[in-house]
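Analysis of the macromolecular model
Each chain, letter by letter, is given below.
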Amino acid sequence: MKMSNLTKQPRRQPVPFSRLAVVGLFLAFSLPSASAATWTVRAQPVRLLNGAPVLFQVKVPSRLDSLSGTWLGHHLDFSFDPSTRTWFALAGVSLETAPGKYTLELAGRRSAAKASINFTRQFTVARAIYPKIKVELTVERKFTEPTPEQLQQIKEGQQIKRDYLNRVTPDRQWAGSFTAPAVAPISDVFGSQRIFNGKAQSPHLGLDFRVPAGTPVVAMNSGTVLLARPLYFEGNFVVIDHGQGLLTLYLHLSEFKVKEGDVVQRGDVIGLSGGTGRATGPHLHVAVRWQGVNLDPARLMQLTLP
Ligand SMILES: [Zn+2]
């Protein structure tokens, strides 16, 4: 008797539960505004995490000429994918964002109408678990105790980064999923804690690939080369602007294969790997910035993008 009860229960349970979930979702989408009754707003991945990118996808029953949004204080311009009749925008959550509920505000426009159609949807941001492995790395003294001359070079580098790395160019150049910049094992992940010469540094804001010097490094997606120049810490440094505030950064290169202003396609070789700048040896450090926010490159590559 007991046995049969146990085997029956798990089969029966999912039916009422899934029905409730469907009703719940329907209510969540349809309650906020009567004029936007059948908007559906989805996030990929479904679970939002601090430090991770997110693709917002919006389906609207009526025709819109444009759709914009606000998310965590950032402006979003949505693109329309005619094959699925879905509006989409790539966004992110900063590493510092506390777990909790945050609102995505949407505003759809039709050129004929004066007023916009508004819709809001709440998303829960959960806390990501990043490795707390403290690695003892020894780097040259010039990086931890720089001379006045070196300090000047560091200052210049900081100014260049302030000038370039928060840029938001309106047109989207990326299309489709982001690809790995090199075929190689990962040697350090995003968000891990590091210690240099016994001093705690900020978390690792990129993804490291274990590549020997001279390995071709490719563009993770299509875009325009924003920077291709040597900087003190970054070494030979390439930054690609994919539009809408999304940048990919490639550090410590031994050689440049592009120059500033070049238009590149996903998979184009942009340089050769190396160990220039503050690096303990040859490796490729890549980073992703979205409107000035550092995001996990590994999680960006996992997204299936239109
Ligand atoms: Zn790194």
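Just so you know, the residues in each chain are numbered from 1, in the order the chain's sequence is written. Two thresholds apply to this predicted model, a pLDDT of at least 70 for residue-level local features and 80 or more for giving and counting side-chain atom pairs, whereas whole-chain, interface and lining totals are computed over all residues. Excluding hydrogens and water, the side-chain values take into account all heavy atoms of the structure.

**Description of the coordination of the zinc ion**
Which entries qualify depends on this criterion: Because water is not among the atoms used, a metal site may look incomplete, as its donors are only the N, O and S atoms within 2.8 Å, or 3.2 Å for Na, K and Ca. Key to geometry: four donors with every angle between 85 and 135 degrees are tetrahedral; four donors are square planar and six octahedral where opposite donors lie over 155 degrees apart and all remaining angles lie between 65 and 115; all other sites are irregular. Strands are runs of DSSP state E lasting at least two residues, helices are runs of H or I lasting at least four, and both sets are numbered from the N terminus onward. Only protein chains enter the area calculation, which uses a 1.4 Å probe; residues under 20% of their type maximum are buried, those over 50% are exposed, and those in between are partly exposed.
Protein-derived coordination of the zinc ion comes from His204 (NE2), Asp208 (OD), Asp208 (OD) and His285 (ND1), at a distance range of 2.0 to 2.7 Å. Coordination at the zinc ion is irregular: its 4 donor atoms span angles of 54 to 157° at the metal. Linear spacing of the donor residues for the zinc ion on their chain is H-x3-D-x76-H. Of this pair, Asp208 sits in strand 14 (residues 207-209) while His285 sits in strand 22 (residues 284-290), and the two are 77 residues apart along the sequence. Take Asp208 and His285: they sit in the same class, and that class is buried.

**Digging into unusual backbone geometry**
Geometrically, the link from Gln44 to Pro45 is a cis peptide bond, its omega value of 0° lying close to zero. Structurally, the position occupied by Pro45 is in the loop between strand 1 (40-44) and strand 2 (48-49). Of note, Arg85 is a non-glycine position whose phi angle comes to about 50°, a positive value. With respect to the helices and strands, Arg85 occurs in the loop between strand 6 (79-81) and strand 7 (86-92). When its relative accessible area of 56% is taken as the criterion, Arg85 is described as exposed.

**Some points on the packing of aromatic side chains**
Centre distance and the angle of the planes are the two values used to describe a pair of aromatic rings. Condition: Working definition: a ring pair exists when centres of Phe, Tyr or Trp rings (six-membered ring for Trp) sit within 6.5 Å. Plane angles under 30 degrees give stacked, over 60 give edge-to-face, the rest tilted. Any Lys NZ or Arg CZ found within 6 Å of a ring centre and within 35 degrees of that ring's normal is scored as a charge over the ring.
According to the stated counting rule, one finds 9 aromatic pairs in the structure shown. When the ring of Trp39 is compared with that of Phe119, the centres are 5.2 Å apart and the planes differ by 25°; the resulting orientation is stacked. Taken together, the residues Trp39 in the loop between helix 2 (14-30) and strand 1 and Phe119 in strand 9 (residues 117-126) connect sequence positions 80 residues apart. Judged on exposure class, the residue Trp39 and its partner Phe119 are both buried. Ring centres of Trp174 and Phe178 lie 6.2 Å apart, and the angle between their planes is 45°; this geometry places the pair in the tilted category. Note on accessibility: Trp174 and Phe178 belong to one class, buried. Here a set of aromatic residues connected by ring pairs shows up, and it is made of Phe56, Trp71 and Phe123. Over the aromatic face of Phe123 sits the side chain of Arg121, whose NZ or CZ is 4.4 Å from the ring centroid.

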